[in-house]
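Okay, here's what each chain looks like letter by letter:
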Amino acid sequence: MKLISRFIAAIAALAVLSSCSILKSQSSDANSTGLTTGSSLLAIYNVLKATGAIDLNKASNLVNLSNIISGASAVSSASTDYVNLFSKGLVSGSQNLVNSNNLSAVLGGLKTLTNIDTSAITKAAASAAISAAATSQASAQTSTSSASGSASGAAAAIQALSKSDPNVSSTISAISSLVGLLGK
């Protein structure tokens, strides 16, 4: 009988430890996603402040847009606990451009992004990231043939983006509106 009780206690302890580990992992993921989203919002804020427009030909802009879209997707139907942890990362990553005064509006703006087809931007961003990695690797190996092939593929994906595409223009408009909330 004692053996069965100890066995059950050991299983219960293992279950508690596993659930704590899962919660810690989700907590870390939410904060990390918030940090990435916040820093990307800050980067796009700085681009818009400096130039007044988001240049879709710049890989860094595409990657930042993709990070914002990814954050929006992560938080759109998340639990309250996840959203709270994500929000802490968002504030920190944006260097407090997202703050208690605008947090609710920013989260609402992120959720708005999930209603837009953002696939053209995320595909172009993925191509740009692959191109950057291939260029970096080729530079390290002093061989440029594979990098130029990847770069031309990324350039084609980026050029395929058109602000006249309603989904692209809606995404840019939604993110620009979202960035307009920052610092207020």
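Residues numbered from 1 in each chain as written. Predicted model: local features only at pLDDT ≥ 70, side-chain atom pairs only at ≥ 80, totals over all residues. Heavy atoms only, no water.

(A) Quick look at the side chain of Asn61. Along the chain, the position of Asn61 falls in helix H2 (residues 59–76). Relative accessible area serves as the criterion here: at 2%, Asn61 is assigned to the buried category. (Helix = DSSP H or I, 4+ residues; strand = E, 2+ residues; numbered from the N terminus. Buried < 20%, exposed > 50% of the residue type's maximum accessible area, 1.4 Å probe, protein only.)

(B) Fine view of the environment of Ile68. The residue Ile68 is located in helix H2 in this model. If we ignore the near neighbours within four places in the chain, the residues touching Ile68 are Thr37, Ser40, Leu41, Ile44, Leu110, Leu113, Ile175 and Leu178. (Contact = heavy atoms within 4.5 Å.)

(C) How the structure looks around the packing of helix H3 (residues 80–93) against helix H4 (residues 103–113). Direction vectors running N to C along H3 and H4 enclose 105 degrees, while the axes themselves pass 12 Å from each other. By the angle class used here, H3 and H4 are roughly perpendicular. Note on element contacts: H4 touches H3 through Leu103, Val106, Leu107 and Leu110, opposite Val83, Phe86, Ser87 and Leu90. Of the residues contributing to the contact of H3 with H4, the split by class is seven nonpolar, one polar and no charged. (Axes fitted to C-alpha atoms, helices over the stretch in contact; angles between N-to-C directions. Parallel < 35°, antiparallel > 145°, perpendicular 65-115°, else oblique. Nonpolar A, V, L, I, M, F, W, Y, C, P; charged D, E, K, R; others polar.)

(D) Examining unusual backbone geometry more closely. Phi at Gln95 takes a positive value of approximately 55 degrees, unusual for a residue other than glycine. Checked against the element boundaries, Gln95 lands in the loop between H3 and H4. The residue Asn96 is not glycine, and still its phi comes out positive at about 70 degrees. Along the chain, the position of Asn96 falls in the loop between H3 and H4.

(E) Quick peek at helix H7 (residues 166–180). The terminal C-alpha atoms of H7 lie 21 Å apart, and with 15 residues this matches the ideal 21 Å at 1.5 Å per residue to within 8%. The complete set of buried residues in H7 reads Val168, Thr171, Ile172, Ala174, Ile175, Leu178 and Val179. When H7 is viewed along its axis, its buried side chains cluster within an angular range of 165 degrees and face the same direction. (Expected span 1.5 Å × (residues − 1). Arc of directions from axis to C-beta.)

(F) Region of interest: the packing of H2 against H7. Running from amino to carboxyl end, H2 crosses H7 at an angle of 80 degrees, the nearest separation of the two axes being 12 Å. Judged by the angle between their axes, H2 and H7 are roughly perpendicular. Contact with H2, carried on its side by Leu65, Ile68 and Ile69, involves Thr171, Ile172, Ile175 and Leu178 of H7 and no other residues of that element. For the contact of H2 with H7, the class distribution of residues is six nonpolar, one polar and no charged.

(G) Here's a closer look at the nonpolar core. The biggest cluster of nonpolar side chains holds 34 residues, and the ones touching the most others in it are Leu41 and Leu110. When residues of this core are traced back to their parent elements, those giving at least two are helix H1 (2–51), H2, H3, H4, helix H5 (119–141) and H7. Those residues in contact with Leu110, other than ones at most four positions away along the chain, are Thr37, Ile68, Ala72, Val75, Phe86, Leu90 and Leu178. (Core = buried A, V, L, I, M, F, W, Y, C linked by side-chain atoms within 4.5 Å.)

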